[in-house]
Amino acid sequence: MNARPTSIIGDDPREWAIDAVARLHREAARSADTHLLHATFPGLPGIDFYFKDEAAHPTGSLKHRLARSLFLYALCNGRLRPGQAVVDASSGSTAISEAWFARLLGLSFTAVMPATTAPAKIEAVHALGGHCELTGAGTCPQARAKEIAARGACFLDQFGLAERATDWRGNNNIAESIIGQMQRERFPEPAWIVCGAGTGGTSATIGRYLRYRGLRTRLCVAEPTGMAFARGWHARDHDARATHATCIEGIGRPSAEPGFLFEVVDEVVEVPDAASIAGMQLLEHHLGRRYGGSSGTNLVACLQLGEAMHRRGESGSIVSLLCDRGERYDRTLFDPQWLSRSGIDPAAWLQRLRAIADGDRAQD
């Protein structure tokens, strides 16, 4: 593990916590809200699509919000002490954000990550002063993180605490931000908001906020095929387990997490990995830059929902998330040789998605 950074204040735990919380609040005040990008597709007239660019955060992903909330939760609950090491289990993006905040507070950080995590994510954690412990297929990252915490580190526990660490009633959470940014649009109350489920914190926050505001907007979770949220949602089964593996990092859990609130989700769309990768490629074509695999998963669900609205003669808006930077996947999901070695060919799905977006159903 890296040497412990210099503490930001003395060893008085209360004074240190006050200073740490103030630093996090100042960071939040310095961070501008993320852009809501607008797009239309010729094949889906009367439907406006919006993509909230969470990759614009300082740490490059949606997880910047979560990491700040997890540190605040640990501090305000007295779980994080001066000079204490910090640990969490992550497939990458949360770990990058947590390493960034740990450095801000002068704390050492260890990320327990699957060995299959995209190399660029591992490198990003190291660049921020964090340490990565990579686990094989037979080791549970959360269990390993708990073992490290038992030796005195603070376990941030994104999968166990994401749903409760985020203020779902407001305080500039992602749902409040989306609804606020939509106020002057043609269809200000979205027909759908689409997001993935990793910890479940984002879907829980959005779903509860929509009900709190009395909005008719429905929430769809876009999920890699056969993963735990989809299976659990259909049966309302918190013991559900995945039937497939997925190469889409950040979403698609093997088992139901504590933050999975099935009751606030109106629809689940399961997306094959090849379709998610095709969605990434289509996003790059339409938006001019690369985003990660979960963003492609979201786009596929958006197009399917939009196609169903179009068939029913409905107009409206659909909002989704661009979760992280595509550059993190240059050596995996965006690498043709890696896709070939992995037995994944997105070509047919790309043709199908283009047919929906462009309105050329003859291609489908």
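Cut-offs and rules
Residues numbered from 1 in each chain as written. Predicted model: local features only at pLDDT ≥ 70, side-chain atom pairs only at ≥ 80, totals over all residues. Heavy atoms only, no water. pLDDT = per-residue confidence, 0-100. Contact = heavy atoms within 4.5 Å. Salt bridge = Lys/Arg side-chain N within 4 Å of Asp/Glu carboxyl O. Helix = DSSP H or I, 4+ residues; strand = E, 2+ residues; numbered from the N terminus. Core = buried A, V, L, I, M, F, W, Y, C linked by side-chain atoms within 4.5 Å. Buried < 20%, exposed > 50% of the residue type's maximum accessible area, 1.4 Å probe, protein only. Phe/Tyr/Trp six-rings, centres within 6.5 Å; stacked < 30°, edge-to-face > 60°. Lys NZ or Arg CZ within 6 Å of the ring centre and 35° of its normal. Disulfide = S-S within 2.5 Å.

1. Some remarks on the confidence of the model for the protein
Part 1 of the argument: Put simply, the protein has an average pLDDT of 93, and 95% of its residues get 70 or more.
Part 2 of the argument: Confidence over residues 1-7 falls short of pLDDT 50; this stretch has 16 contacts with residues more than four positions distant or in other chains.

2. Focus on the pattern of salt bridges
Part 1 of the argument: Tallied over the full model, the rule gives 18 salt bridges.
Part 2 of the argument: The salt bridge partner of E27 is R68, with a shortest N-O separation of 2.8 Å. Here R68 lies in helix α2 (residues 63-76) and E27 lies in helix α1 (residues 13-30), a separation of 41 residues in the sequence.
Part 3 of the argument: In this structure, a network of salt bridges that share partners links the residues D33, K52, E54 and R65.

3. Remarks on the nonpolar core
It is characteristic of soluble globular proteins that their nonpolar side chains tend to be buried jointly.
Part 1 of the argument: The biggest cluster of nonpolar side chains holds 46 residues, and the ones touching the most others in it are F49, V194, L303, I318 and L333.
Part 2 of the argument: Those residues in contact with L333, other than ones at most four positions away along the chain, are C247, I248, I277, M280, G293, W338 and L339.

4. Considering the packing of aromatic side chains
Part 1 of the argument: Counted under the stated rule, the structure contains eight aromatic pairs.
Part 2 of the argument: Judged by centre distance (5.1 Å) and plane angle (70°), the rings of F229 and F262 are edge-to-face. Residue F229 is found in helix α9 (residues 228-235), and its partner F262 is found in the loop between α9 and β9 (267-271); the two are separated by 33 residues along the sequence. Pair check on accessibility: F229 and F262 agree, each one buried.
Part 3 of the argument: Cation over ring: R290 sits above F334, and NZ or CZ is 4.2 Å from the ring centre.
Part 4 of the argument: One cation-aromatic arrangement involves R352 over W349; the distance from NZ or CZ to the ring centre is 4.2 Å.

5. Observations regarding the state of the cysteines
Put plainly, two cysteines are in a disulfide when a covalent bond ties their sulfur atoms together.
Part 1 of the argument: What the rule picks out here adds up to zero disulfides.
Part 2 of the argument: As a non-bridged cysteine, C154 has C76 as the owner of its nearest cysteine sulfur, 12 Å distant.
Part 3 of the argument: By relative accessible area, C154 is classed as buried at 2%.
Part 4 of the argument: Free cysteine C195: the closest other cysteine sulfur is in C220, separated by 8.2 Å.

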